[in-house]
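# Per-entry structural report
As a plain string of letters, each chain reads:
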Number of protein chains: 2
Amino acid sequence: MITIKELAKELSVSISTVSKALNDNPEISEDTVKRVKELARLRNYKPNKTAVNLKNSSTKTIGVIIPDILNPFFAKVLLGIESQANSKGYNIITCVSQETEAKEKENLQLLADGTVDGFILAVAEETQINKTTQHFTDIINDGFPIVMFDRVSDAIDCDKVIIDDFDASYQATKLLIDEGRTHIVLLNYINELSVGQLRIQGYLKALEDSAKVLEPHLITIDKSESLDDSIKAMFSNDPKIDGIVAIDNTSGIASLNIAKSLDIKVPVKLSIIGFSSDELLPFSYPKLSTVSQNATEIGKVSVDLLVARLRDTSLEKRIETVAFDISERDTTK
Amino acid sequence: MITIKELAKELSVSISTVSKALNDNPEISEDTVKRVKELARLRNYKPNKTAVNLKNSSTKTIGVIIPDILNPFFAKVLLGIESQANSKGYNIITCVSQETEAKEKENLQLLADGTVDGFILAVAEETQINKTTQHFTDIINDGFPIVMFDRVSDAIDCDKVIIDDFDASYQATKLLIDEGRTHIVLLNYINELSVGQLRIQGYLKALEDSAKVLEPHLITIDKSESLDDSIKAMFSNDPKIDGIVAIDNTSGIASLNIAKSLDIKVPVKLSIIGFSSDELLPFSYPKLSTVSQNATEIGKVSVDLLVARLRDTSLEKRIETVAFDISERDTTK
DNA sequence: CTGTTAGCGCTTTCAC
DNA sequence: GTGAAAGCGCTAACAG
């Protein structure tokens, strides 16, 4: 990589003249600016980013910590973050916590050495279970702003981006009710996570608001149990089930596959609607109804919040709610 | 963030003494070292990474450019890269080319300003179609080593990591032959990509090596056509098909779903084997046979190659071949 | 208009 | 044992 110094030497001018010329400083004569820029282009000169960063004491990079990159929802948020960050002149450094508190902590501390200006993250499952917050407050006290998305920690005072889980679940349930379903169960394979509770409330409220009297039916499957076996048991215990609201991103698809294997006609006899990134849809047949989480939008909003805070530390902390859509479904009554 | 300067002032010693003490320089008295380290810990001092980088003219970060982060294969490679990079003391900056040449080029140029020490990437589909290579050679000439994985460019002289496509396809086809299948078609939805050709050769060779005389049957579906419609047409044109080797990561699953919708019994009447990251498996029922691409291993090997080259530029260029496994399958003759 | 100088935070000779 | 000073590549205040 060629430096300003070498350009200066080659042109027999001073270093600062070159620097100013490259930055279109009006102090420099048009002719010099032209000569400098020409040589710079010729030599493929690029200002050394590290030096500029040191000078500005900013890195123009964002640390992103996601729990699981193989989860299409997080992958899609990452995509949204990456694209928005780039368009705002930021790079992102990606770390994966693997849902563990230890890796989450390690990643935060490693990057909080001037490698990044701030963080965007979704709290790891283990951290949520343990209700640990110390590592977050440490980082914030060190002067690094954090934006949490989707999996947020209520105890931390920082910017947050969430989807309106209550409303999303309410809408999903209402869709099944309006279809005429009368035995709608809620399937829960993520009991430990904060979002689960709101989705349950939305489901309950929708049943409550229904014109017909509908009994709530909550089925929670522990991570230690076999998802497939539990779903099979559910179908055999209660053959009247004609609607499923799956509030995580795997049990909906699992239900669909198992229903098919048991010869339960979907969507004629049974309707399934699941929370998920819509990237999963093409792999089920017929298409599974899905509550899209507008994952890229979450990423975009997260970047906007972080960049705003980087500009002005004194802003009020904000919690942004991202809308969701219910995508079209291949279903008949 | 606290600096060495502040520590020095507080201890009334010089900046260089503090620096040496922190780095366990034997010149410094034990007592001073202890005092310095104590205060550093107390103040939560961390050496400013940007300053260190400038001093060392290295960034200890790797630029990773992947074509599509929603593709589980690439997501998994990314995971492998991230984990291996971290354990070798490197961070990664992730960019997504979205399969376009323009974004690929832009990402390369943006990071080749001292932001990263080198690159790991899979060539974007568009770049492969156009057979463009200029942007790669430019970067390499600028002194940034590149490691290409999976989608590599033959025209570029750099380190590469690939899976043994020929052999993988050969093995997959042989599996179907050994099962007793006699009308095995090869399904190709990625005709433009370099890996496709080797997989076709492997398929052909396996048929050739078979004890029985088996006719090759290549079906190429253009990206502009409807995958679903083309597969339906295939089944109706040729009802004798009893085996499918799908050489991309979607047509296998699509075939499976369509076969089921047409009431073709899988795996009794039809066997399907597909190339894919094994992350897709759980979404099909019964499980689709798959050639796992050992994606995390690819990521790991890529990092090892890049780090080795960063240490020693003069090494011979290497092409590493990563082994593959055929995962167990739910099939009966 | 152009050049000299200081400084971002750190490491590393070289003096004392 | 400790400190002063130079330099990584760049910007910007200040002189000329």
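Computed from a prediction, not measured in an experiment: that's the story for all the values here.

## Topic: the protein's contact with DNA strand C
Around DNA strand C, a shell composed of 25 residues is seen, among which A:Ser16, A:Lys20, A:Lys55, B:Ile4 and B:Tyr45 lie nearest. Between B:Ile4 and DNA strand C, the recorded distance is 2.7 Å, taken from a backbone N or O atom to a phosphate oxygen. In the environment of DNA strand C, a base oxygen lies 3.2 Å from a nitrogen or oxygen atom belonging to the side chain of B:Lys55. Sorting the residues of the surface near DNA strand C by element identifies helix 2 (15–22) and helix 4 (49–56) of chain A together with helix 1 (4–11), helix 2 (15–22) and helix 4 (49–56) of chain B as the ones contributing at least two each. It is helix 2 of chain B that provides the largest number of residues to the surface near DNA strand C, a total of four residues.

## Topic: the interface of chain B and chain A
In this complex, chain B contributes 47 residues to the contact, which on the side of chain A involves 47 residues. Approximately 4100 Å² of surface area, both sides summed, lies buried where chain B meets chain A, with 61% of it carried by carbon and sulfur atoms. Our enumeration of links across chain B and chain A arrives at four salt bridges. In this structure, B:Lys46 and A:Asp142 form a salt bridge, with 3.4 Å as the shortest nitrogen-oxygen distance. Across the contact surface, chain B and chain A share 15 residue pairs in polar contact (both at pLDDT 80 or more). Sorting the residues of the side of chain B that touches chain A by element identifies helix 4, helix 5 (72–87), strand 2 (91–96), helix 6 (101–111) and helix 12 (251–261) of chain B as the ones contributing at least two each. No other element matches helix 5 of chain B, which puts seven residues into the side of chain B that touches chain A. In the side of chain B that touches chain A, the residues fall into 22 nonpolar, 16 polar and nine charged.

## Topic: the protein's contact with DNA strand D
Near DNA strand D you find 25 residues, and of these A:Ile4, A:Tyr45, B:Thr17, B:Lys20 and B:Lys55 are the closest. Here the atoms of DNA strand D within 4 Å of the protein split so that 62% fall in sugar or phosphate, with bases taking the remainder. One of the side-chain N or O atoms of A:Ser19 is found 2.8 Å from a phosphate oxygen in DNA strand D. B:Thr17 is positioned with one of its side-chain polar atoms (N or O) 2.6 Å from a phosphate oxygen of DNA strand D. Put simply, the parts of the chain that give the surface near DNA strand D at least two residues each are helix 1 (4–11), helix 2 and helix 4 of chain A together with helix 2 and helix 4 of chain B. Per element, the largest residue contribution to the surface near DNA strand D is four residues, and it comes from helix 2 of chain A.

## Some details on unusual backbone geometry
Residue and element names in this part refer to chain A. Phi is positive for asparagine 44, close to 55°, though the residue is something other than glycine. Mapped onto the secondary structure, asparagine 44 falls in the loop between helix 3 (30–42) and helix 4. Assessed through its relative accessible area of 37%, asparagine 44 is described here as partly exposed.

## Some details on the UniProt feature "domain: HTH lacI-type" (unreviewed entry) in chain A
Per the UniProt record, "domain: HTH lacI-type" (unreviewed entry) is found at residues 2–56 of chain A. Here residues 2–56 of chain A runs as 67% helix and 0% strand, with 21 Å between its end C-alpha atoms.

## Things to note about the relation of the copies chain B and chain A
You can overlay chain B on chain A at an RMSD of 0.3 Å; the transform is a turn of 180° with a shift of 0.0 Å along its axis. With respect to symmetry, the two chain copies, as superposed, fit the operation of a two-fold axis. For chain B, the smallest separation between a C-alpha atom and the rotation axis is recorded for B:Ile93, amounting to 2.2 Å. A share of 100% of interface residues in chain B that are also interface residues in chain A marks the association as one of identical surfaces.

## Examining the layout of surface pockets
A volume near 1100 Å³ is recorded for the second largest pocket. Considering the residues around the second largest pocket, the lining is formed by 38 residues, among which A:Gly114, B:Met1, B:Lys46, B:Pro47 and B:Asn48 are closest to the centre. Of all elements in the fold, only helix 4 and helix 13 (295–311) of chain A together with helix 1, helix 2 and helix 4 of chain B reach the threshold of two or more residues within the lining of the second largest pocket. When residues of the lining of the second largest pocket are assigned to their parent elements, the largest contribution, five residues, is made by helix 4 of chain B.

## Re empty space enclosed by the protein
Considering all chains together, one arrives at four cavities of 30 Å³ or more under this definition. Each pocket or cavity is described by its volume, and for the largest cavity that value is around 210 Å³. Around the largest cavity, the lining is made up of 18 residues, and of these A:Asn53, A:Thr115, B:Asn53, B:Thr61 and B:Thr115 lie nearest the centre. If you list the elements that add at least two residues to the lining of the largest cavity, you get helix 4 and strand 2 (91–96) of chain A together with helix 4 and strand 2 of chain B. Among the residues making up the lining of the largest cavity, the classes are represented as two nonpolar, 14 polar and two charged.

## Some details on the side chain of B:Ser255
All names here are of chain B. With respect to the helices and strands, the residue serine 255 is situated in helix 12. Reaching out from serine 255, the side chain makes a polar contact with the backbone oxygen of serine 251 at a distance of 2.5 Å. With sequence-adjacent residues up to four places away left out, serine 255 is seen in contact with Leu187, Ile231, Phe235, Ile244 and Ile272.

## Some remarks on the packing of helix 1 of chain B against helix 3 (residues 30–43) of chain B
All names here are of chain B. Where helix 1 contacts helix 3, the axes come no closer than 11 Å and their chain directions differ by 125°. As far as their axial angle goes, helix 3 and helix 1 are oblique. The chirality of how helix 1 crosses helix 3 is right-handed. Side by side, helix 1 and helix 3 meet where Leu7, Glu10 and Leu11 of the first sit next to Arg35, Val36, Leu39, Ala40 and Arg43 of the second.

Calculation notes
Residues numbered from 1 in each chain as written. Chains lettered and ligands numbered in written order. Predicted model: local features only at pLDDT ≥ 70, side-chain atom pairs only at ≥ 80, totals over all residues. Heavy atoms only, no water. Near = heavy atom within 4 Å. Polar contact = N/O pair within 3.5 Å; in protein donor to acceptor, adjacent residues only side chain to side chain. Helix = DSSP H or I, 4+ residues; strand = E, 2+ residues; numbered from the N terminus. Contact = heavy atoms within 4.5 Å. Buried area = accessible area lost by both parts, 1.4 Å probe. Salt bridge = Lys/Arg side-chain N within 4 Å of Asp/Glu carboxyl O. Nonpolar A, V, L, I, M, F, W, Y, C, P; charged D, E, K, R; others polar. Buried < 20%, exposed > 50% of the residue type's maximum accessible area, 1.4 Å probe, protein only. UniProt positions renumbered as here; feature names shortened; annotations may be inferred. Least-squares fit on C-alpha atoms with pLDDT ≥ 70 in both. 1 Å grid on protein atoms, 1.4 Å probe; cavity = no way out; pocket = protein on both sides within 12 Å on 5 of 7 lines; lining within 4 Å. Points joined across faces, edges and corners; volume = space filled by probe spheres on them. Axes fitted to C-alpha atoms, helices over the stretch in contact; angles between N-to-C directions. Parallel < 35°, antiparallel > 145°, perpendicular 65-115°, else oblique. Left-handed = near helix turned anticlockwise from the far one by under 90°.

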